[in-house]
Amino acid sequence: MAIPLEGYESVAERIEKFWIKYPNGRIDVKIVFQDGTRYIVQTDIYKEITDLLPFATDFAEEIRSSANRFPLENGSTSAIGRALHTGGLSKFSENQNRPSFEEMKRVERPVVAAPKEAALPNGSYDPWAVNNVIAEIAGGFTGIPSCAHGAMMRREGVNAKTGKPYKGWVCTGHNRDCAIWE
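Because the structure is predicted, anything quoted here is derived from the model rather than measured.

1. Overview of the sheet that holds strand β7 (residues 165-170)
Phase 1 of the analysis: Taken together, the 3 strands give an open sheet; going across it, the order is β6-β7-β8, and neighbouring strands pair in antiparallel fashion. Of all strands in the sheet, those bounded by a partner on one side alone are β6 (153-158) and β8 (180-181).
Phase 2 of the analysis: Two strands pair when backbone bridges link them, and β7 and β8 are joined in this way by 2 bridges, in the antiparallel orientation. Across the sheet, residue tryptophan 169 finds its bridge partner in β8, namely isoleucine 180.

2. Comments concerning helix α2 (residues 71-86)
Given 3.6 residues to a turn, an α-helix orients residues that are three or four positions apart in the same direction.
Phase 1 of the analysis: End to end, α2 covers 22 Å across 16 residues, agreeing with the expected 22 Å (1.5 Å per residue, within 8%).
Phase 2 of the analysis: Among the residues making up α2, those that are buried are Pro71, Gly75, Ser76, Ala79, Ile80, Gly81, Ala83, Leu84 and His85.
Phase 3 of the analysis: Those residues of α2 hidden inside the fold are in contact with α1 (11-21), β1 (26-34), β2 (38-46) and β3 (56-63).

3. A look at the pairing of β3
Phase 1 of the analysis: Alternating residues of β3 divide into Ala56, Asp58, Ala60 and Glu62, all buried, and Thr57, Phe59, Glu61 and Ile63, none buried.
Phase 2 of the analysis: Note: β2 against β3, 8 bridges, orientation antiparallel. Across the sheet, residue valine 41 finds its bridge partner in β3, namely alanine 60.

4. As for the pattern of salt bridges
Phase 1 of the analysis: Per the stated rule, a full pass over the model turns up 4 salt bridges.
Phase 2 of the analysis: A salt bridge links aspartate 28 to arginine 26, with the shortest nitrogen-to-oxygen separation between them at 3.0 Å.
Phase 3 of the analysis: Note on aspartate 28: relative accessible area 30%, which makes it partly exposed.
Phase 4 of the analysis: Arginine 82 serves as the salt-bridge partner of aspartate 58, at 3.3 Å between the closest nitrogen and oxygen. One end of the pair, aspartate 58, is in strand β3; the other, arginine 82, is in helix α2, with 24 residues separating them in the sequence.
Phase 5 of the analysis: With relative accessibility at 14%, the residue aspartate 58 sits in the buried group.
Phase 6 of the analysis: Of the residues examined, arginine 82 reaches a relative accessible area of 39% and is grouped as partly exposed.

5. What to know about the sheet that holds β2
Phase 1 of the analysis: Taken in spatial order, the 3 strands line up as β1-β2-β3 in an open sheet, and their pairing is antiparallel. With partners counted over all chains shown, the strands left at the sheet margins are β1 and β3, one partner each. Looking at each pair of strands side by side, their axes are set apart by 20° on average, direction ignored.
Phase 2 of the analysis: As defined by bridge partners, β1 adjoins β2 across 8 bridges and the pair is classed as antiparallel. Counterpart to arginine 26 in the pairing with β2 is tyrosine 46.
Phase 3 of the analysis: Strands β1 and β2 of the sheet are contacted by α1, whose axis makes an angle of about 135° with β1.
Phase 4 of the analysis: Against the sheet, α2 touches β1, β2 and β3, its axis set at about 150° to β3.

6. Brief notes about the environment of leucine 84
Phase 1 of the analysis: The residue leucine 84 is located in helix α2 in this model.
Phase 2 of the analysis: Each C-alpha atom of the pair leucine 84 and isoleucine 15 lies 7.5 Å from the other, and the pair is 69 residues apart in sequence.

7. Comments concerning a nonpolar patch on the surface
Phase 1 of the analysis: Together, Val32, Phe33 and Phe59 make up a nonpolar patch on the protein surface, roughly 260 Å² of accessible area in all.
Phase 2 of the analysis: With respect to the helices and strands, the residue phenylalanine 33 is situated in strand β1.
Phase 3 of the analysis: Using a relative accessible area of 34% as the deciding quantity, one classes phenylalanine 33 as partly exposed.

Rules used in this analysis
- Starting afresh in each chain, residues are numbered from 1 along the sequence in its written order.
- With the structure being a predicted model, the display of local features is reserved for residues of pLDDT at least 70 and the display and counting of side-chain atom pairs for 80 or more, all residues being used for whole-chain, interface and lining totals.
- Side-chain numbers here rest on the full set of heavy atoms in the structure, without hydrogens or water.
- Think of it this way: DSSP has to see at least two bridges between two strands before they count as a pair.
- Strands are runs of DSSP state E lasting at least two residues, helices are runs of H or I lasting at least four, and both sets are numbered from the N terminus onward.
- The span expected for a helix works out to 1.5 Å for each residue beyond the first.
- Buried, partly exposed and exposed residues are distinguished by accessible area as a fraction of the type maximum, computed with a 1.4 Å probe on protein chains only: under 20%, between the cut-offs, and over 50%, respectively.
- We call two residues in contact whenever any of their non-hydrogen atoms come within 4.5 Å of each other.
- Salt bridges, as used here, are contacts in which a Lys or Arg side-chain nitrogen is within 4 Å of a carboxyl oxygen on Asp or Glu.
- Lines are fitted to the C-alpha atoms to define the axes, a helix being fitted only along its stretch in contact, and any angle between axes, read from their N-to-C directions, falls within 0 to 180 degrees.
- Nonpolar side chains (Val, Leu, Ile, Met, Phe, Trp, Tyr) are joined into patches within 5 Å and like charges within 9 Å, using only residues with over 30% relative accessible area and no salt bridge.
- Accessibility throughout is a Shrake-Rupley quantity obtained with a 1.4 Å probe, and a residue counts as covered only by protein chains that appear here.

If you want it as structure tokens, here you go:
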């Protein structure tokens, strides 16, 4: 299905308008919440870099899924675009109609659920089902572990000093005590 994009402008175009209108301005983006799956991002827009209060603020939420592999980046871009619109820096802010809920619903991205373990019609195990292959490659482990600092990151390689292979999960906050080695 083709997504109707006429009438929209990119966040890059809105940012360009911002810098033309406010060359000494400031765009601040911060993560309000993240748990490795759900990300909420806030953007504050300032007319002058020295302003204490923003003239526009807005938020965006993104959920990690198979269709959305970069939720933090997408949330940041969305929050910037929304804040610039709130601040009057979009063509929708310039006496043009904003798309309706119904129009936006037509272009909504479907959230794809993780598949359940696949079986053949007779109920036996299907070794060629993608989710079964992934589970076997991951040693039966299909989730991403987390620590107090959020979702962990997979690391594999060969130790440069000892020449021995290593693999496991490490803390994204660089806390060695949180590592899970296999």
